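Listed below are the residues making up each chain.
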Amino acid sequence: MHSIRKILLATAFACTAPAFAATASAEELKAEVLHWWTSGGESAAVKVFADGFTDAGGEWIDTAIAGGQNARTAGINRIVGGNPPTAMQFNTGKQFDELVANGFLRSVEDVAAANNWRDALPPAIVKATNRDGQFYAVPVNIHGQNWLWYNTDVFSKAGLQPPKTFQDMIAAGPKLRESGFIPLAHGGQNWQDHLLFDAIVVAEAGQEIFAKVYGEVDTDAAKSPEFLKAVETFAALRGMTDEGSPGRNWNDATALVITGKAAMQLMGDWAKGEFIAAGLTPDKEYGCTVMPGGYVMGGDVFVFPKIDDAAQKTAQEKLAGLMLSPETQIAFNLKKGSVPVRLDIDVSAMDACAQTGVQTLKDPNNQVASINYIASPDLVGATRDVITQFWSTPSMTPEEFVEKFVSAMDSAS
Amino acid sequence: MASVSMAAEAAVPRTRRRWNAAASLALLPAAVIVLVVYLGCMVWTVRLSFSSSKLLPVLDWVGVRQYSRLFANERFLISVENIVLFGVLFIAGCLVLGFLLAVFIDQKVRSEAAFRTIFLYPYAMSFVVTGLAWQWFLNPTLGLQKIVRDLGFESFTFDWLVNQDMVVYTLVIAGVWHGSGLVMCILLAGLRGVDEDLWKAARIDGIPTWRVYLSIVLPLLGPMIVTAVVLLATSVVKLYDLVVAMTHGGPGIASEVPAKFVMDHFFERNNIGLATAAATMMLISVAAVLAPWVYARYIRPQGRRA
């Protein structure tokens, strides 16, 4: 009975939506969620949230905008313009700082306290979603950013062990090249260069220096010998790519590994989707290794704009609770390819790579906050220009790089 | 056309040009749009370039701090170099190629319409499609270089797209491919307007055809060429999509352009202050190029008349 009424109501609303859009919210629990998950796997993942919310008696209005940047711009414009969605996606970190500072977002501290989020989440994520000791964002996943993906067949053909460190990678380069493979599949776009660079800094200069450079904008840390050593490793990897690398998309690079043209690629765990889509199984046709130094965590959050309407507030609280509930977390992250943001749940249903990831993350010493968690978008961009320039300019020395890097840090602070 | 409007002007002496309510009312929306949207946004942009705005616009005052950061920024300086190089080569290339194509079609070739369509066709595509197509074609591991090598010329190398020193020229190639059809159309219309008698006279005098084109026809095409240059110049200033689709500004930052600098900082990097400073510099450069022309075309003649 109730469900029939709901369908009728929903139909009625759909027919009269333009006219009633403003007044309808009091009647029914509606949530308009703005996000940029539009690819096949992504929209399957977001459907987990949508179904969960519908089952809880709400109506999910999906506003998917392709491209993270486009979606954020559209969402911010709507929030500032006074017509906010019920919830909106951001990357975990500092992207929504100014929205909080200007009072555009509401705190979800009540939901967080009621569900003990502080105990269930890694401290770095609590820090990245809290402002002034209150939760202003709901983290939904952790994307590992320093995974090495390799083709096991290629390594056995070349008679080599898959690498575990960046020095292993460099050492394997000449042999792989001789055997007719591209040692490192890489897409020469600035964010990919940056991802690789950060993984090396974490592995070779260590978490502390990484956090100081990006989090505290400490130029002394960037001038340290450890940092320079990481830069030298980064420089040594330049020669391991192929001619077609500049400008290549990350998934085209992954395809080189899948088809056995290239040996390995350093990429976030979203690359796993490509291997799965190609029908490969982990530890068999391909392997995945977390590079040393810790698990570099990226990920996504949802924020909730301040809205006066009481029904909208209820919808926001429902959504927040739902997104972090253990069942939703598992179901969502299975589809998304990331790992759950809660470390207190059973992940035996997930694949081998994801289980490795969760296992690594259980040690607090391995929880490394990625650049987006700790650095302003301005600093990320300024250092990114220097990193990509260095990667593409073999004549530039590591010392010159450090000098430019430091001045980029100064300009963006 | 020209004679008609001149006659009309002569019929309405200056003294009788009175305030016409209906005409003013009709023009009002356009005037409001120009004032509020165009000029208003310009002023707003310039104002923000003196603020410390990050994600959201704020109206504090930080002096020229954004500008000093801008001119210390290597990427911006490379962008400026690139746009100048691209602008000169792109406009020159389109004009030369477009003119040659127009002359070719003007030789009363058979199936002229087919050629016209083929030459103009690239212009019907967006810069994004153009960029992607050329990216594939010029990619050393997928396109031209691979094809020629597969044919047996193992040492053939054409890697401009991934070469930091040459990548700007690949943008020029794609741009000229895209834009010269438009120039052809404009100039062909001009060529068709050239009086037959001129050609007859030149033939009687025994002047070679190339000489007629160069010394007689080309000067007659002046206004058409100005039109073409203005159209091409606007696509130089706003050059963004071609770069994004073709090179992403790379390798490294070797093919960055100012419009991409503005877009990246405005949105991805949450730095409205720096982005508007760069936009203001673009506005100033355009104004600096246009000012002498506007002066020569509109202000000086009026002064002389008075």
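Keep in mind the model is a prediction, meaning the values are calculated, not measured. (Residues numbered from 1 in each chain as written. Chains lettered and ligands numbered in written order. Predicted model: local features only at pLDDT ≥ 70, side-chain atom pairs only at ≥ 80, totals over all residues. Heavy atoms only, no water.)

### As for the overall build of chain B
When you go through chain B residue by residue, the secondary structure sums to 14 helices and 0 strands. When the elements of chain B are put in sequence order from the N terminus, they spell out α-α-α-α-α-α-α-α-α-α-α-α-α-α. Taken over C-alpha atoms, the radius of gyration comes to 24 Å for chain B, far larger than the 19 Å a tight globule of 306 residues would show. Averaging the coordinates of the 25 positive side-chain charges in chain B and doing the same for the 18 negative ones gives two points 12 Å apart. (Helix = DSSP H or I, 4+ residues; strand = E, 2+ residues; numbered from the N terminus. Rg over C-alpha atoms; globule rule 2.2 N^0.38 Å. Lys, Arg positive; Asp, Glu negative; His and termini not counted. Charge placed at Lys NZ, Arg CZ, Asp CG, Glu CD.)

### Some words on the interface of chain A and chain B
Much of the literature gives interface size as the accessible area that the parts lose upon coming together. Counting residues at the interface gives 31 residues for chain A, matched by 25 residues for chain B. Both faces combined, the contact of chain A with chain B buries some 2300 Å², and carbon together with sulfur accounts for 49% of it. For the chain A face of the interface with chain B, the top three residues by lost area are Glu98(A), Glu243(A) and Asp378(A), together amounting to 25%. Our enumeration of links across chain A and chain B arrives at 5 salt bridges. A salt bridge links Arg269(B) to Asp385(A); its shortest N-O distance comes to 2.9 Å. At the boundary of chain A with chain B, the tally comes to 16 residue pairs in polar contact (both at pLDDT 80 or more). Secondary-structure elements contributing two or more residues to the side of chain A that touches chain B are helix 3 (68-80), helix 4 (97-101), helix 20 (377-392) and helix 21 (398-412) of chain A. Of all the elements, helix 20 of chain A adds the most residues to the side of chain A that touches chain B, at 9 residues. Taken together, the residues that form the side of chain A that touches chain B break down as 8 nonpolar, 15 polar and 8 charged. (Contact = heavy atoms within 4.5 Å. Buried area = accessible area lost by both parts, 1.4 Å probe. Salt bridge = Lys/Arg side-chain N within 4 Å of Asp/Glu carboxyl O. Polar contact = N/O pair within 3.5 Å; in protein donor to acceptor, adjacent residues only side chain to side chain. Nonpolar A, V, L, I, M, F, W, Y, C, P; charged D, E, K, R; others polar.)

### So, the pairing of strand 3 (residues 87-91) of chain A
All names here are of chain A. Strand 3 sits mainly inside the fold: 5 of its 5 residues count as buried. Burial of the side chains of strand 3 extends over both faces: Ala87, Gln89 and Asn91 are buried on one face and Met88 and Phe90 on the other. Of the strand pairs in this sheet, strand 1 (residues 30-35) and strand 3 are connected by 2 bridges, and their pairing is parallel. Along strand 3, the bridge assignment pairs Leu34 with Met88. Inspection of the sheet shows strand 3 paired to strand 13 (residues 300-303) by 4 bridges, in the antiparallel sense. When the bridges of strand 13 are listed, Met88 appears paired with Val303. (Buried < 20%, exposed > 50% of the residue type's maximum accessible area, 1.4 Å probe, protein only. Pairing = 2+ DSSP bridges.)

### Remarks on the sheet that holds strand 7 (residues 143-144) of chain A
Residues and elements named next belong to chain A. Reading across the sheet, the 3 strands line up as 7-12-14 and stay open at both edges, with mixed pairing between neighbours. On the outer flanks of this sheet lie strand 7 and strand 14 (367-369), each paired with one strand and no other. As paired elements, strand 7 and strand 12 (residues 295-298) share 2 bridges and run antiparallel to each other. Of the residues in strand 12, the one forming a bridge with His143 is Gly298.

### What to know about the confidence of the model for chain A
All names here are of chain A. Looking at chain A as a whole, the pLDDT averages 90, with 93% of positions reaching at least 70. Across chain A, the secondary-structure element scoring lowest on mean pLDDT is helix 1 (residues 2-20), at 45, and the one scoring highest is strand 9 (residues 182-184), at 97. Note on residues 7-26: pLDDT under 50 across the span, and 9 contacts to partners over four residues away in sequence or across chains. (pLDDT = per-residue confidence, 0-100.)

### Observations concerning a negative patch on the surface
Residues and elements named next belong to chain A. On the surface, Glu232, Glu399, Glu400 and Glu403 cluster together to form a negatively charged patch. With 3 residues, the single largest contributor to the negative patch is helix 21. You can see Glu403 is positioned in helix 21. (Patch = residues over 30% accessible without salt bridge, like charges linked within 9 Å, V, L, I, M, F, W, Y side chains within 5 Å. Areas by Shrake-Rupley, 256 points an atom, 1.4 Å probe, with all protein chains shown as cover.)

### Notes on the UniProt feature "transmembrane region" (unreviewed entry) in chain B
In the numbering used here, UniProt assigns the "transmembrane region" (unreviewed entry) feature to residues 21-46, 83-105, 117-137, 166-191, 212-237 and 272-295 of chain B. Note that residues 21-46 of chain B is 100% helix and 0% strand, and that its end C-alpha atoms are spaced 35 Å apart. (UniProt positions renumbered as here; feature names shortened; annotations may be inferred.)

### Some points on the pattern of salt bridges
Tallied over the entire structure, the rule returns 25 salt bridges over all chains. Taking the shortest distance from any N to any O, the salt bridge between Glu74(B) and Lys404(A) comes out at 2.6 Å. In this pair, Glu74(B) sits in helix 4 (residues 74-106) while Lys404(A) sits in helix 21, so the two residues belong to two different chains. Exposure remark for Glu74(B): the relative accessible area of 31% places this residue in the partly exposed category. Residue Lys404(A) is classed as partly exposed on the basis of its relative accessible area of 22%. The partner of Lys260(B) in a salt bridge is Glu256(B), and the shortest N-O contact between them spans 3.2 Å. Across the pair, exposure class does not vary: Lys260(B) and Glu256(B) are buried alike. A single network of salt bridges, built from pairs that share partners, joins Asp385(A), Arg75(B), Glu256(B), Lys260(B), Asp264(B) and Arg269(B).

### So, the pairing of strand 12 of chain A
All names here are of chain A. By the alternation rule, side chains of strand 12 split into Tyr295 and Met297 and Val296 and Gly298, which are all buried. Taken together, the 3 bridges between strand 12 and strand 14 define a ladder with parallel strand orientation. Note that in strand 14 the partner of Met297 across the bridge is Ala369.

### Details of the domain arrangement of chain A
Residues and elements named next belong to chain A. The domain boundaries assigned to chain A delineate domain 1 (30-143 + 298-362) and domain 2 (153-295 + 373-412). Here the C-alpha centre of domain 2 lies 28 Å away from the C-alpha centre of domain 1. Taken residue by residue, the interface counts 20 residues in domain 1 and 13 residues in domain 2. Here domain 1 and domain 2 share an interface that buries about 1400 Å² over both sides, 70% of which is from carbon and sulfur atoms. If you sort the residues of domain 1 by the area they bury against domain 2, Lys94, His143 and Cys353 come out on top, with a joint share of 37%. One can count 1 salt bridge joining domain 1 with domain 2. With its nearest N and O atoms 3.2 Å apart, the salt bridge here joins Lys272 to Asp351. At the boundary of domain 1 with domain 2, the tally comes to 4 residue pairs in polar contact (both at pLDDT 80 or more). In terms of residue count, the dominant contributor to the side of domain 1 that touches domain 2 is helix 18 (residues 352-362) (6 residues). Of the residues belonging to the side of domain 1 that touches domain 2, the class tally is 9 nonpolar, 9 polar and 2 charged. (Domains from an automatic or database assignment.)

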